[in-house]
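Each chain, written out:
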Amino acid sequence: MRVLLLGNGGREHAFAWKIGQSPLCEKLFIAPGNAGTGQTGENVDLSLSDFPAIAAFALEERIDLIVVGPEAPLVEGIVDFFRADDRLQHIRLIGPARQGALLEGSKSFAKEFMQKRHIPTAAHREFGSAQLEEGLRYLTGRKPPIVLKADGLAAGKGVLICGSVAEAKDELKAMLGGKFGAASSTVVIEEFLDGIEFSVFALTDGQSYKLLPVAKDYKRIGEGDTGLNTGGMGAVSPVSFVDQALMEKVETRIVQPTIQGLSEERMDYCGFVFFGLISVNGDPFVIEYNCRMGDPETEVVFPRLQSDLLQLMLDAADGRLADAAIEIDERAAATVMLVSGGYPGHYEKHKPIEGLEAVSNSLVFHAGTRQSERQVLTNGGRVLAVTSYGHDFRAALANSLKNAELVDFEGKYYRRDIGFDL
Ligand code: AMP
Ligand code: GLY
């Protein structure tokens, strides 16, 4: 198998690490990749929005399988692009076509999909730019907190939780007025759900599915879940409160009707479904769908997957996932993200990273890194994910924290309290 993996984050390094272990993997390219993926496969300089260039590379390098890491190329229709070209029919893709990617790309589409299939989610109403007055009237007298969501992709910033009706009204005006560009020309207003969040992942061939280990990520920059939202500061798997009873509800009320929905609506969906869930008094609700794996969740989920990921993805692409078996490592995993000083605000790049060779008993997944001629440099806000195993997440975390101290770069920051609420 000759594989092309698209993306450049910690998630993609975890994919590359896992795919590279498969005896089926003959050659792995990562575009554009980072310093870590460059040690596992060959990085290639391709733009993820340049589908013709990706197709030309895939033909030239006789690629059999393309794995799409991030959501943007999926929402922009990379799968549709490949399906429409006769010369590309032999190339399998992991990731949904544009319509399926709308589960992540349009909150309004996702809401309608859930409503139609009676999948538990927060009650909502939506308003377009021509409906500002109606929206403001709707907000009058609602009980805060009030959740406002930009319909489209807004780089993880499109969700606002407003503490008062006045704030919600101001934000609705700003959003419909273009605060997030076209992404907020429609706004979904949602009931606030009070509970504890967790992440469930399925690999699907569009008909059947396999569940991967459950994880929980920590999105705020500060300890105790304070401060600004980030792409994710750490994650653990498994998640202690997600017991068998809760998981059964998740499967029957959410996962099964979702996959059945993809199938009944004939969506071309072969890939990962990420269910962002919240447990409210033991009942699961969908906060969001994503059409890809999570980051940093992947950095704890894949280390716990004992089965051959490449084989599973091939089974999905060939529509025979139903017969596949998944084996999971019983140990817990925890990951700690080392980030650049100032992130998620302004931060500097190109700082030399020292001490990587001193790490023991942890996996270091690179996120924002770049290989210069002589050393590895920081190249983003989230720099490295340090993952460890342990008999429980506390033991795993202790090991990651020990190694997080050994790796150094100017401005390094990380949270020491990943899993604090479990
Ligand atoms: P999203 O971008 O949809 O993941 O939303 C970002 C974050 O906002 C989620 O991780 C939740 O913490 C929070 N959130 C979104 N929707 C709701 C809701 N209906 N009730 C409570 N919190 C929410
Ligand atoms: N960790 C959340 C995400 O990947 O969207």
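Look above for the structure.
Thresholds, definitions, all that
- Residues numbered from 1 in each chain as written.
- Chains lettered and ligands numbered in written order.
- Predicted model: local features only at pLDDT ≥ 70, side-chain atom pairs only at ≥ 80, totals over all residues.
- Heavy atoms only, no water.
- Helix = DSSP H or I, 4+ residues; strand = E, 2+ residues; numbered from the N terminus.
- Expected span 1.5 Å × (residues − 1).
- Buried < 20%, exposed > 50% of the residue type's maximum accessible area, 1.4 Å probe, protein only.
- Contact = heavy atoms within 4.5 Å.
- Near = heavy atom within 4 Å.
- Polar contact = N/O pair within 3.5 Å; in protein donor to acceptor, adjacent residues only side chain to side chain.
- Phe/Tyr/Trp six-rings, centres within 6.5 Å; stacked < 30°, edge-to-face > 60°.
- Salt bridge = Lys/Arg side-chain N within 4 Å of Asp/Glu carboxyl O.
- Areas by Shrake-Rupley, 256 points an atom, 1.4 Å probe, with all protein chains shown as cover.
- Nonpolar A, V, L, I, M, F, W, Y, C, P; charged D, E, K, R; others polar.
- Pairing = 2+ DSSP bridges.
- Axes fitted to C-alpha atoms, helices over the stretch in contact; angles between N-to-C directions.
- Parallel < 35°, antiparallel > 145°, perpendicular 65-115°, else oblique.
- Patch = residues over 30% accessible without salt bridge, like charges linked within 9 Å, V, L, I, M, F, W, Y side chains within 5 Å.

(A) Representation of helix H10 (residues 244–264). With 21 residues, H10 should reach 30 Å at 1.5 Å per residue; the first-to-last C-alpha distance of 28 Å fits that figure. Taken residue by residue, H10 has Leu246, Met247, Val250, Ile254, Val255, Pro257, Thr258, Ile259, Gly261 and Leu262 as its buried positions. Looking at the packing, one finds that the buried side of H10 touches helix H6 (98–105), helix H7 (107–116), strand E10 (196–204), strand E11 (209–211), strand E16 (271–280) and strand E17 (283–290). Where H10 terminates, the next one or two residues include Arg266, which has phi positive at roughly 50°.

(B) Layout of the site of ligand 2. The local shell around ligand 2 consists of Asp217, Lys219, Gly231, Phe274, Arg292, Gly294, Asp295, Pro296 and Glu297. In the model, a nitrogen atom of ligand 2 is placed 2.8 Å from a nitrogen or oxygen of the Asp217 side chain. The contact in question runs from an oxygen atom of ligand 2 to an N or O atom on the side chain of Arg292, over 2.9 Å.

(C) A look at the packing of aromatic side chains. Inspection of every chain in the model, using the stated rule, returns 14 aromatic pairs. When the ring of Trp17 is compared with that of Phe365, the centres are 5.5 Å apart and the planes differ by 75°; the resulting orientation is edge-to-face. In this pair, Trp17 sits in helix H1 (residues 10–20) while Phe365 sits in strand E19 (residues 363–366), placing the two residues 348 residues apart along the sequence. When the centroid spacing of 5.5 Å and the interplanar angle of 45° are considered together, the rings of Phe127 and Tyr138 count as tilted.

(D) Local environment of the pattern of salt bridges. For the structure shown, the criterion picks out 31 salt bridges. A salt bridge links Lys149 to Glu190; the shortest N-O distance between them is 3.4 Å. With Lys149 in strand E7 (residues 146–150) and Glu190 in strand E9 (residues 186–191), this residue pair connects regions lying 41 residues apart in the sequence. For Glu190, a relative accessible area of 9% puts it in the buried group. Salt-bridge contacts for Asp295 lead to Arg382; the nearest nitrogen and oxygen are separated by 3.8 Å. Of the two residues, Asp295 sits in the loop between E17 and helix H11 (298–301) while Arg382 sits in strand E22 (residues 382–390), which places them 87 residues apart along the sequence. Each member of the pair, Asp295 together with Arg382, is buried. Each member of the salt-bridge network shares a partner with another, and the members are Arg92, Asp315, Asp318 and Arg320.

(E) Region of the structure containing the site of ligand 1. Surrounding ligand 1, one finds 14 residues, the nearest of these being Glu190, Glu191, Leu193, Glu197 and Glu288. Within the contact set of ligand 1, an oxygen atom lies 3.1 Å away from a side-chain nitrogen or oxygen of Lys107. Here Leu193 contributes a backbone N or O atom positioned 2.8 Å from a nitrogen atom of ligand 1. In isolation ligand 1 has 470 Å² of accessible area, and contact with the protein removes 86% of it. Among the secondary structure elements, those contributing two or more residues to the shell around ligand 1 are E7, strand E8 (159–162), E9 and E17. For the shell around ligand 1, the per-class residue count stands at 7 nonpolar, no polar and 7 charged.

(F) Just the sheet that holds strand E4 (residues 65–68), in detail. Sheet architecture is open: 5 strands sit in the order E3-E2-E1-E4-E5, paired in parallel fashion. The open sheet terminates on both sides in strands that have one partner only, identified here as strand E3 (42–43) and strand E5 (92–94). Alignment of strand E1 (residues 2–7) against strand E2 (residues 27–32), held across 6 bridges, turns out to be parallel. In the strand pairing of E2, Val3 is matched with Leu28. In the packing of helix H12 (residues 309–317) onto the sheet, contacts are made with E1, E4 and E5, and the angle to E5 comes to roughly 110°.

(G) Examining the packing of H6 against H7 more closely. Taken N-terminus to C-terminus, the directions of H6 and H7 make an angle of 100°; their axes are 6 Å apart at the nearest point. One element, H6, and the other, H7, form an angle in the roughly perpendicular class. Residues Gln99, Leu102, Leu103 and Gly105 of H6 pack against Lys107, Phe109, Ala110 and Phe113 of H7. Split into classes, the residues belonging to the contact of H6 with H7 amount to 5 nonpolar, 2 polar and 1 charged.

(H) The arrangement of the pairing of strand E14 (residues 226–229) in detail. Looking at chain direction, strand E13 (residues 220–222) and E14 are connected through 2 bridges and run antiparallel. Of the residues in E14, the one forming a bridge with Gly222 is Thr226. From the end of E13 to the start of E14, which pair antiparallel, there are 3 residues, and Gly224 there has a positive phi angle of about 75°.

(I) Here's a closer look at the environment of Leu262. Here Leu262 shows up in helix H10. For Leu262, a relative accessible area of 0% translates into the label buried. In this structure, the C-alpha to C-alpha distance between Leu262 and Ser400, residues 138 residues apart in sequence, is 38 Å.

(J) Focus on a nonpolar patch on the surface. Together, Val159, Ile161 and Phe192 make up a nonpolar patch on the protein surface, roughly 250 Å² of accessible area in all. On the secondary structure map, Val159 appears in strand E8. Under the relative-accessibility criterion, Val159 is labelled partly exposed at 38%.

(K) Main features of H1. The buried fraction of H1 amounts to 9 of the 11 residues, a majority that puts the element mostly inside the structure. Of all the positions in H1, only Gly10, Arg11, Glu12, His13, Ala14, Phe15, Ala16, Lys18 and Ile19 are classed as buried.

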